[in-house]
Structure formats: C-alpha cells, structure tokens
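Residues per chain, in single letters:
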Amino acid sequence: MDMNPQTRRNIMIGAAVLVVLFIGAVVWWLVTRQNAPVINQANTNTVTQNADVVIINTVTNQAAVTNAAVTDEVALVRLANLFTERYGSYSTEASFKNITDLKVYMTKKMQVVSDSFVTAQKSQSSTGSFLATTTSALSTRVDALTAAKATISVSTQRRETGTNINGTNTYYQVLILDFAKEGGAWLIDNATWQAKGSL
C-alpha cells in the first residue's frame with residue numbers, strides 16, 4: 001500500500017515525537033534514580049561537613065580556652081589588686097572590717113580561718129594606741145594558673161601610722177594569694193604576707 005508523501009511525513013514526525021518522549025522519560029528515570037545516591041552523597045557530605053564543624057569547633061574551643069585563660073588572668077589580677085589593698089589596709093578603730101568585708105571573695109576554708117583570726121585578735125587586750133596601715137598594689141604577677149587554681153604575687157607599698165613617733169613608717173611587702181574556683185567563681189583560698197622589705 002502506497003502512502004502519499006504527506007501521510008508518510010506525518011508518521012515520521014509522530015515517530016520522532018515518540019522517540020523524543022521515550023528518551024526524555026528514560027533520562028527523567030535515570031535522573032530520578034540517581035537522586036538517591038546523590039542524596040546519600042549529600043548526607044555523606046553533611047556528615048563530613050559536621051565532622052569539619054566539630055574540628056573547627058575544637059579549634060574554636062581551644063581558642064575559647066585560651067581566651068578564657070586570658071579573661072581569667074585579667075579578672076584574677078583585678079581581684080588580687082582589689083583584695084590586697086583592702087586586706088592590707090586597716091586601723092585599730094575599724095574592728096577588722098578590712099577582713100570581714102572581704103569574706104565574699106574568700107573560699108569557705110579561708111572564711112573559717114579569717115573568722116578564727118579576727119576572734120583571736122579581738123580577744124587580746126588592746127593597748128588603746130592608734131594604729132593604721134594603708135596598702136597600695138604596685139605590681140602583680142601570675143605565678144600559676146590552671147582551670148581550678150591560681151597563685152598570684154602582689155607587690156605592695158605599705159604605710160603605717162601610729163607606730164613611728166617620727167611620722168609614717170613606709171615599707172614594701174609582697175602578698176601571695178592562692179585562688180580556687182568554687183561554684184564557677186574565683187575566690188581567695190589563702191593569703192600569706194612575705195617578709196617586709198621584699199619585692
């Protein structure tokens with residue numbers, strides 16, 4: 001059976017359209033099927049990226065630890081200076097307020113020691129003579145610093161009034177402070193004055 005050219009042309013166009021549709025369907029099916037591995041790959045990449053984030057976070061945490069150490073050191077130096085100047089400044093008329101007012105900065109252990117010291121001093125008979133000492137922090141050195149403990153030396157100039165008939169007695173003295181962390185806060189755990197005249 002002979003077909004006229006127009007019919008043959010229509011059949012060829014229809015066949016070509018079917019072929020194109022078939023190829024498109026195959027491509028779509030392949031792409032859809034390959035999406036699963038791609039998703040898995042994405043998941044793998046996500047895990048890898050998360051691992052990288054952990055590594056980055058680890059580095060960041062190390063930097064944070066370093067920054068925390070620097071922040072701790074700055075805070076400790078400030079606290080050491082404040083504590084030293086108040087701890088070392090007193091008068092016989094103040095009834096040891098220089099110590100009792102600083103209990104908020106002390107560990108429980110040092111609070112007990114300080115209370116015992118104040119009680120013992122108050123029980124001693126007073127001569128009635130006036131005595132006052134003022135203390136100024138000159139320099140501060142961090143001798144040791146860990147996550148939970150620290151030792152700081154504060155060099156001071158101290159002036160005594162009332163002990164010297166010629167006026168004020170001035171001398172230098174170092175206070176060594178041991179710090180401990182209690183409840184996440186740095187507190188003074190021990191305070192030891194060194195010999196007068198030392199720097």
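Placed above this text is the structure.
Below you will find a few notes about this structure. Computed from a predicted model, the values in this text were never measured in an experiment. (Residues numbered from 1 in each chain as written. Predicted model: local features only at pLDDT ≥ 70, side-chain atom pairs only at ≥ 80, totals over all residues. Heavy atoms only, no water.)

Time to look at the overall build of the protein. Assigned secondary structure in the protein consists of three helices and five strands. Mapped in sequence order, the helices and strands of the protein form the string α-β-α-α-β-β-β-β. Going through the 199 residues of the protein one by one, you find that 21% of them count as buried. Restricting the contact set of the protein to residue pairs at least 6 apart, pairs at least 24 apart contribute 54%. For the protein, the exposed area adds up to about 13500 Å²; of that, 60% sits on carbon and sulfur atoms. (Helix = DSSP H or I, 4+ residues; strand = E, 2+ residues; numbered from the N terminus. Buried < 20%, exposed > 50% of the residue type's maximum accessible area, 1.4 Å probe, protein only. Contact = heavy atoms within 4.5 Å. Areas by Shrake-Rupley, 256 points an atom, 1.4 Å probe, with all protein chains shown as cover.)

One non-glycine residue, serine 95, lies in positive phi territory at about 55 degrees. When you line up the elements, serine 95 lands in the loop between strand E1 (90-91) and helix H2 (97-100). Phi at phenylalanine 96 takes a positive value of approximately 65 degrees, unusual for a residue other than glycine. Within the secondary structure, phenylalanine 96 is located in the loop between E1 and H2. The class of phenylalanine 96 is partly exposed, set by a relative accessible area of 24%.

What follows covers the pairing of strand E5 (residues 185-193). Along any regular strand, the residues point their side chains to alternate faces of the sheet. Pairing geometry for strand E4 (residues 167-182) and E5, over eight bridges, is antiparallel. Each bridged residue has a counterpart across the sheet, and for leucine 177 the counterpart in E5 is alanine 191. (Pairing = 2+ DSSP bridges.)

Attention shifts here to the pattern of salt bridges. The final tally for this structure, using the stated rule, is six salt bridges. Aspartate 101 is the partner of lysine 97 in a salt bridge, and the nearest nitrogen-oxygen pair spans 3.4 Å. Among the residues examined, lysine 97 registers a relative accessible area of 45% and is labelled partly exposed. By relative accessible area, which is 46% here, aspartate 101 ends up partly exposed. Aspartate 115 is paired through a salt bridge with lysine 103; the nearest N and O atoms lie 3.0 Å apart. A residue pair is termed long-range when its members are at least 10 positions apart, and aspartate 115 in helix H3 (residues 108-123) and lysine 103 in the loop between H2 and H3 qualify at twelve residues. (Salt bridge = Lys/Arg side-chain N within 4 Å of Asp/Glu carboxyl O.)

Nothing here speaks to function; it is all geometry.
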